[in-house]
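Now for the letters of each chain:
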Amino acid sequence: MTSKRAQNECNNTDEFKKKKRKSCEQSAQLCPGVEDEQVKTAVKEAWNRRTHYSKGDLELDCHPFPHCIIRNFISSETFTENLQRELLELNFHEKSNDLYKFKQSDDLKKRKEPHITGLRTALFGPFRSWLGEVLGVELEPTVDISCAKYEYTDVLLCHDDELEGRRVAFILYLVPPWQSSDGGTLDLYSTDSHFQPQSKMKSLVPSWNTLILFEVSPVSFHQVSEVLSQDKCRLSLSGWFHGPSLERPPRHIEPPIPRNPHLPRDETLLMEWVNPQYLDISYQEQIQTEFENSSEIQLKDFVREEKFREVREALRLAEIQWMKRGPPNKRQGMFERLAYFVPSTPMCCGEVRRWSHGSYTLLHDAEAAQAEYALDLVLPFGCADWLSEFGGFTCYVANEEDEELLTVYPEDNSLALVYRDKETLKFVKHVNHKSSSDGSSTCREFYDFSFTYYE
Ligand SMILES: O=C(O)CCC(=O)C(=O)O
Ligand SMILES: [Fe+2]
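Residues numbered from 1 in each chain as written. Chains lettered and ligands numbered in written order. Predicted model: local features only at pLDDT ≥ 70, side-chain atom pairs only at ≥ 80, totals over all residues. Heavy atoms only, no water.

Engineer: I'd like to hear about the domain arrangement of the protein, residue by residue, with values.
Structural biologist: Domain annotation for the protein reports domain 1 (4–242) and domain 2 (260–454). Each of domain 1 and domain 2 has a C-alpha centre, and the two are 39 Å apart. The interface is formed by 18 residues belonging to domain 1 together with 18 residues belonging to domain 2. Summing the contributions of domain 1 and of domain 2, the shared interface buries around 1400 Å²; its carbon and sulfur component is 57%. Inspection of the domain 1/domain 2 interface yields nine residue pairs in polar contact (both at pLDDT 80 or more). Counting residues per element, the ones that place at least two in the side of domain 1 that touches domain 2 are strand 5 (100–105), strand 7 (155–159) and strand 10 (197–204). Residue contributions to the side of domain 1 that touches domain 2 peak at three residues, all from strand 7. Class assignment for the residues of the side of domain 1 that touches domain 2 results in 10 nonpolar, five polar and three charged. (Domains from an automatic or database assignment. Contact = heavy atoms within 4.5 Å. Buried area = accessible area lost by both parts, 1.4 Å probe. Polar contact = N/O pair within 3.5 Å; in protein donor to acceptor, adjacent residues only side chain to side chain. Helix = DSSP H or I, 4+ residues; strand = E, 2+ residues; numbered from the N terminus. Nonpolar A, V, L, I, M, F, W, Y, C, P; charged D, E, K, R; others polar.)

Dropping the structure here:
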């Protein structure tokens with residue numbers, strides 16, 4: 001939606017509109033560093049050799065991968081303030097999926113506001129030429145830019161930006177004075193020999209009128225860490241300069257999780273553990289009918305009360321050797337694999353997982369490629385006070401589309417069964433800071449047993 005001010009100034013008859021549009025545009029003067037020929041040559045050389053370079057407001061650092069930081073990017077403070085004002089007047093849309101939660105503006109490609117237009121012209125005009133020369137590549141005039149607003153608990157998890165045509169990523173921050181304790185840092189990851197992200201090597205704290213640039217490459221893994229400040233708004237303009245993509249190695253496929261034969265039915269164990277209600281044959285028939293109809297069901301109070309309590313306490317107190325499982329572009333959390341040894345079919349794999357602030361799983365290409373019919377079974381423990389706004393719920397989505405099919409919220413002793421087809425994938429939503437900031441100082445967490453059965 002156009003702001004009132006811009007509407008009054010620019011939207012009249014077509015002819016008038018064209019002329020007026022031009023006069024509306026405010027030209028953006030960029031910092032002297034990018035006007036200086038010597039600096040350009042020096043940055044070019046340093047980028048080529050992967051060495052460090054710094055001069056005035058411009059810095060090139062090559063660890064963990066080359067990124068260029070330009071402070072005071074726009075010369076005029078008035079321009080930057082007006083730009084911020086125009087951006088804040090835009091419509092923002094809440095975006096949320098496995099990878100992110102933040103607010104995005106309407107498309108900026110065609111916005112007519114004077115300062116947005118001015119910056120777009122400078123970025124995709126003279127600055128694109130500068131960058132093309134620095135990198136020695138032909139960058140296309142394609143305009144790819146949007147505005148993002150990250151507020152309390154917003155996040156953009158680990159990703160590499162890879163998409164056909166994107167060559168260089170840029171982010172311009174328009175934030176109030178910001179500290180690393182406010183969260184919202186741009187974290188850069190190192191990678192292993194399979195080009196998988198390994199660990200956070202550098203955290204860049206956003207700052208007013210600072211531009212960050214990096215090439216989109218097989219190693220350009222980064223994230224926007226969760227915003228922890230309850231009142232600050234992390235406003236940014238970001239996008240990509242398009243050009244020939246860098247060569248990409250084939251995607252790494254993780255070794256599959258071993259599948260083990262399922263335990264044969266053991267009546268004594270069932271009697272001991274399962275709520276007697278579920279052992280009733282006619283009730284089982286009812287459940288079966290319902291499950292056949294909807295492919296999902298929640299069996300409340302599934303385990304006998306005393307067993308449930310025993311397991312919950314054991315999970316809290318036991319010295320389980322939790323494995324921190326990554327890589328961060330796929331998952332983050334404490335998972336312990338469970339194995340079964342008695343031969344029979346079907347096959348199954350299972351884990352006990354601990355969910356706390358910062359845990360998540362993501363959808364990823366390899367998983368999508370291997371999708372198959374499966375029965376998911378999840379039994380949570382210790383989530384009596386857990387709120388849905390903390391995250392940690394499981395979303396089932398249609399592969400290829402971002403359409404949400406089903407959300408399963410963790411509920412104590414409620415066994416969730418979901419039968420999914422080859423087109424359905426699942427992820428667990430990022431557990432955010434609200435889970436550990438309810439006034440009590442203890443960090444909240446819950447556990448679940450998660451099993452998947454294959455035919
Ligand atoms: O805002 C940032 O610091 C990074 C944004 C980003 O990585 C993206 O939009 O892909
Ligand atoms: Fe990114």
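Engineer: Quick one: what's the story with the coordination of the iron ion (ligand 2), residue by residue and with numbers?
Structural biologist: For a metal with four tetrahedral donors the ideal donor-metal-donor angle is 109.5 degrees, whereas six octahedral donors ideally subtend 90 or 180 degrees. Looking at the iron ion (ligand 2), the protein donor atoms are H159 (NE2), D161 (OD) and H222 (NE2), and they sit 2.0 to 2.2 Å from it. When the donors of the iron ion (ligand 2) are listed by position in the chain, the intervening gaps give H-x1-D-x60-H. Since its relative accessible area comes to 13%, H159 is described here as buried. (Donors = N, O, S within 2.8 Å, 3.2 Å for Na, K, Ca; no water. Buried < 20%, exposed > 50% of the residue type's maximum accessible area, 1.4 Å probe, protein only.)

Engineer: I'd like a rundown of the sheet that holds strand 22 (residues 404–408), residues and numbers included.
Structural biologist: Taken together, three strands build an open sheet; the order of strands is 22-21-24 and the sheet is antiparallel. Edge positions in the sheet fall to strand 22 and strand 24 (424–428), since each of these pairs with one other strand and no more. Geometrically, the sheet is characterised by an average inter-axis angle of 20 degrees between neighbouring strands, direction not taken into account. Two strands pair when backbone bridges link them, and strand 21 (residues 394–398) and strand 24 are joined in this way by five bridges, in the antiparallel orientation. (Pairing = 2+ DSSP bridges. Axes fitted to C-alpha atoms, helices over the stretch in contact; angles between N-to-C directions.)

Engineer: Account for the site of ligand 1, naming residues and giving values.
Structural biologist: The environment of ligand 1 is formed by L156, H159, D161, I171, Y173, L186, H222, V224, R234, S238 and W240. D161 is positioned with one of its side-chain polar atoms (N or O) 3.0 Å from an oxygen atom of ligand 1. One nitrogen or oxygen atom from the side chain of H222 is found 2.9 Å from an oxygen atom belonging to ligand 1. Isolated, ligand 1 exposes 300 Å² of accessible area, and the fraction of that covered by the protein chains is 91%. Elements represented by at least two residues in the shell around ligand 1 include exactly strand 7, strand 8 (166–173), strand 12 (222–224) and strand 13 (234–242). Examining the composition of the shell around ligand 1, we find that three residues originate from one element, strand 13, more than from any other. Taken together, the residues of the shell around ligand 1 break down into six nonpolar, three polar and two charged. (Near = heavy atom within 4 Å. Areas by Shrake-Rupley, 256 points an atom, 1.4 Å probe, with all protein chains shown as cover.)

Engineer: Please set out the nonpolar core residue by residue, giving values where relevant.
Structural biologist: In this structure, I70, L83, L87, F127, L213 and F241 are the most contacted members of the largest nonpolar core, which totals 46 residues. Beyond its immediate chain neighbours, meaning those up to four positions away, F241 contacts L123, F124, F127, R128, L131, L139, G165, R166, R167, V168, F170 and L213. Counting residues in hydrophobic clusters, the runner-up holds 29 residues, among them F102, V155, L157 and V175. (Core = buried A, V, L, I, M, F, W, Y, C linked by side-chain atoms within 4.5 Å.)

Engineer: Outline the pattern of salt bridges, supporting the account with residue identities and numerical values.
Structural biologist: This structure, assessed with the given rule, holds 25 salt bridges. Taking the shortest distance from any N to any O, the salt bridge between D154 and K103 comes out at 2.7 Å. In this pair, D154 is assigned in the loop between strand 6 (145–150) and strand 7 and K103 in strand 5, connecting sequence segments 51 residues apart. Note that K426 is salt-bridged to D376, the shortest N-O span being 3.5 Å. Remark: D376 occurs in strand 20 (residues 374–381) and K426 occurs in strand 24; sequence separation between them is 50 residues. Assigned by exposure class, K426 and D376 land together as buried. One continuous salt-bridge network, built from bridges that share partners, spans K101, K103, E151 and D154. (Salt bridge = Lys/Arg side-chain N within 4 Å of Asp/Glu carboxyl O.)

Engineer: Which residues make up the confidence of the model for the protein, and what values go with them?
Structural biologist: Fine structural detail should not be taken from predicted coordinates in areas where pLDDT scores are low. With 92% of its residues at a pLDDT of 70 or more, the protein has an overall mean of 90. When the criterion is pLDDT under 50, residues 1–13 qualifies, and its contacts beyond four places in sequence or with other chains add up to 20 contacts. (pLDDT = per-residue confidence, 0-100.)

Engineer: Can you explain the UniProt feature "domain: Fe2OG dioxygenase" (unreviewed entry) in the protein? Please cite residues and give values.
Structural biologist: Feature annotation in UniProt assigns "domain: Fe2OG dioxygenase" (unreviewed entry) to the following positions: residues 141–243. What you have in residues 141–243 is 0% helix and 50% strand, and the ends, taken at the C-alpha atoms, are 9 Å apart. (UniProt positions renumbered as here; feature names shortened; annotations may be inferred.)

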